[in-house]
Amino acid sequence: MYAQVVVDVPTQQTDHSFDYLIPAALEKFIVAGQRVVVPFGRSGRRVQGFVVGTSTTSSYAQKCKPIAYLIDLQPVLSSELLQLSQWLANRTFAFWVDCLQTMLPNVMRAKYSKKAWALTSTVRQSALFQGAAAISVPNDLTQQRQLAQWQKQGQVRIDYLVENKAQTRQQLVLNRVANQDYAHIVTQVKPQATKQRQLLQLFIDHPDWQQITYTALQQKYQIGNSVIKAAIAHGWFTRSQIEIRRNPYTNPVTPSSPQVLTAEQRKAYQTIITSASRPVLLEGVTGSGKTEVYLQVIEHFLQQHKTALMLVPEISLTPQMVTRVRARFGGQVAVLHSGLSQGERYDEWRRINQQQAQVVVGARSAVFAPLRHLGVIIIDEEHEASYKQIDNPRYHARDVALWRGRYHHCPVVLGSATPSLESRARGQKRVYQLVQMPHRVYNQPLPQVQIVDLREQQNLALELNSPLQVDLSQPLITALHQCLKKHEQAILLLNRRGYANFLLCRNCGFVPHCPNCDITLTVHLQEHCLLCHYCGHREPIMKQCQVCGSSKLRLSGTGTQKVETQLQELLPQARVLRMDNDTTTRKGAHQRILQQFAQQQADILLGTQMIAKGLDFPNVTLVGVINADTGLGINDFRANERTFQLLTQVSGRAGRKQKLGQVFIQTYNPDNYAIQLASQQDYEAFYRQEMQFRHQGNYPPYFFLIKITISHQERAQAFKMAYNVAKRIKPILQPREQLLGPVQPTVARIKNRYYYQIIIKYRHNQSLGQLLHQIMNNVQIDKKRGFAIAIDNEPQQME
DNA sequence: AGCACGCCGACT
DNA sequence: GTCGGCGTGCTC
Ligand SMILES: [Zn+2]
Ligand SMILES: [Zn+2]
């Protein structure tokens, strides 16, 4: 018997399965989906591999090596996920093994090490071994050479170790022994052995106990280790270990029951549960009660003994969100998010794999949750860019969800108040079933939105001979005053996309740049240094300008700190909470700030994009957007879409139930349609207008996009390679299809490598995929000459 | 990737 | 002569 194994060597030349002999002893145990350790290469190198199939014959002409050993007794990947991995590799131009690894918790990645064994006493007494029988192979080159020489002479053996980091938490337990008559024994025990008698009595009083943990005996009954040891020595009990699941849920929840649905919600619910062959796009305004629909849909499929997967963007996956789902489905819920420790994540994953959890809630990577019998997949806020992974494999969770939906023949729900144009257009073409929920559940009125024209404000200030020095306009300041007077709360959004604080010499205009990248260094006041976000380069904040020596160095860029200072001057009585990268570096800080604000420990929450999501704040009646324009300045065809989404989302935070909300949007582009239509909260009108723009520019959803990035240490080399790649692609393009570039991105150099980009706009091109795989092959082979290539299918970020 | 093999200049 | 630097090719 042979096994087809995909080895953990992510390169182009090894990006296929290898045949291995299955040793007779393992024949009964080997199944596709298991991890194994196999020898690989001419030395004794061993690597982890995934069994992707078994066969009775092999097409490999030479002799196959046997599998070294099994890592998993049970498969960790189902045949569904194995198939998915292949599709994913093909779609994202990633290595197969990377796709397989991505589907599993991080701890299941192998750790490799080498151990050298001294076979003679001379070697053992050498300076290197210092009497030890074995040492781990050092990094030092000359020492490695010495070991290689000894190895050749048969004086040293080198072992290749594949470590499995995945570990379960074990606990000691005391087991009842069936033939022991505790009621009798207890009468025979010496009178002074009170603890022994107590232990026996416990097992007499609890006939249902088969075992109990040592910790429980210690904590509940103060029975220590020595007592237990003695009891085992008598033969009354046996000792063993059981696995303890790491429990990420700190607080118990009070169960909730389904709410009565509105007519709109009921219609959505009905459509979803009957739409197994067509995905449903659920377009519902903020407050329309999408989550309740999701929960009842999940309930419906659980009753049919199916499972449910619900994806939520990482920043929306708050404790409140998790609690809401757990309140409905209790212990059936497993949660996968970045806040878990590696061990907790591994345990949650295994709970799902062992079918002990039927509902999974998680962020992007949870789309690979090993659920069987999927009944429904829900993607909330489907427009969120964070569903697309930035590094390899560059997959979009939405695409994966649609694949799994097709595999299981189950409904896939894409929910959003502001759907991506791609999804909305598919709703129009009835590829997706479009369901709209335009009303809020309690019929709260939409907030009143006012656009503040900053050009006007500036002119006004000039007339009064006092140039606008603050980032807050007069109408917004007035509104803030009124809000505070009513003891209500306000949110201020500082749109800082692409903007960071940098240092500027006021004398000569010098700005410190990273020596390795073409980018200005960011000021980090917290750590008191200048930092490069691309390569991690760090240097102290200089006191004097490097060029002119002037000491007039100023912190520049629109910062939340600057606005905070202004707020303190304008509204000295206001309590301001600031939320940005500086205040949320520590884990959980993000949640803590939101919590404080929810508990009304502050009047104003001032922050960047991250405040647009998360907790509900019922007392917030005022939202101010300080600079609506910054998102528009970005060289990306989705700039309007992103701006519209952000403004709509943050506006939705104003006003709940009886309290009417008020929104101020400050802008220099009051006529921009994204800003105009966001102020009217009119998604459908925005969709129509934006579609025209996309049509004119041949952008998605009218065209598909592929971004190719090529890099090299030398600029000319990078360009030459990119140019040749472009030349190969151009001939196969269809009439209206386009190739743009190669061009340098805004940050043309990162970590001393030069980058070039090619964008392809295409529609139905049969040969493109194949050609790109070929190009990938060719360029990867030139990796040793310093070339690197990345192909991003449907990029979310154009830069 | 990581390792072996092979070719070539430089140093004991 | 041999050590070690690097370019090339292979891994079931
Ligand atoms: Zn200067
Ligand atoms: Zn840098």
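Rules of the game
Residues numbered from 1 in each chain as written. Chains lettered and ligands numbered in written order. Predicted model: local features only at pLDDT ≥ 70, side-chain atom pairs only at ≥ 80, totals over all residues. Heavy atoms only, no water. Donors = N, O, S within 2.8 Å, 3.2 Å for Na, K, Ca; no water. Tetrahedral: all angles 85-135°; square planar, octahedral: opposite > 155°, others 65-115°. Buried < 20%, exposed > 50% of the residue type's maximum accessible area, 1.4 Å probe, protein only. UniProt positions renumbered as here; feature names shortened; annotations may be inferred. Helix = DSSP H or I, 4+ residues; strand = E, 2+ residues; numbered from the N terminus. Phe/Tyr/Trp six-rings, centres within 6.5 Å; stacked < 30°, edge-to-face > 60°. Lys NZ or Arg CZ within 6 Å of the ring centre and 35° of its normal.

**Things to note about the coordination of the zinc ion (ligand 1)**
Okay, so step 1: Binding of the zinc ion (ligand 1) to the protein goes through Cys505 (SG), Cys508 (SG), Cys545 (SG) and Cys548 (SG), at separations of 2.3 to 2.4 Å.
Okay, so step 2: Classification of the site at the zinc ion (ligand 1) as tetrahedral follows from its four donor atoms and the range of 105 to 114 degrees in their angles at the metal.
Okay, so step 3: Spacing between the donor residues of the zinc ion (ligand 1) along the chain follows C-x2-C-x36-C-x2-C.
Okay, so step 4: Given the relative accessible area of 40%, Cys508 is considered partly exposed.

**What to know about the UniProt feature "domain: Helicase ATP-binding" (unreviewed entry) in chain A**
Okay, so step 1: What UniProt calls "domain: Helicase ATP-binding" (unreviewed entry) maps, in this numbering, to residues 271-437.
Okay, so step 2: Taken as a whole, residues 271-437 contains 36% helix and 21% strand, while its terminal C-alpha atoms sit 12 Å from one another.

**Looking at the packing of aromatic side chains**
Okay, so step 1: Summed over all chains, the structure comprises 20 aromatic pairs.
Okay, so step 2: Considering the side-chain rings of Phe203 and Phe237, the 4.7 Å spacing of their centres and the 50 degrees angle between planes classify their relative orientation as tilted. Taken together, the residues span a long stretch of sequence, with Phe203 in helix H6 (residues 194-205) and Phe237 in strand S11 (residues 237-244) at a distance of 34 residues. The burial state of Phe203 is the same as that of Phe237; both residues are buried.
Okay, so step 3: Ring geometry for Tyr673 against Phe686: centres 6.0 Å apart, planes inclined by 35 degrees, an arrangement best described as tilted. Taken as a pair, Tyr673 in helix H20 (residues 673-679) and Phe686 in helix H21 (residues 683-696) lie far apart in primary sequence, 13 residues in all. Assigned by exposure class, Tyr673 and Phe686 land together as buried.
Okay, so step 4: Through a chain of ring-to-ring contacts, the aromatic side chains of Tyr182, Phe203, Trp209, Tyr221 and Phe237 assemble into a single cluster.
Okay, so step 5: The cationic tip of Lys761 hangs over the ring face of Tyr699; the distance from NZ or CZ to the ring centre is 4.2 Å.

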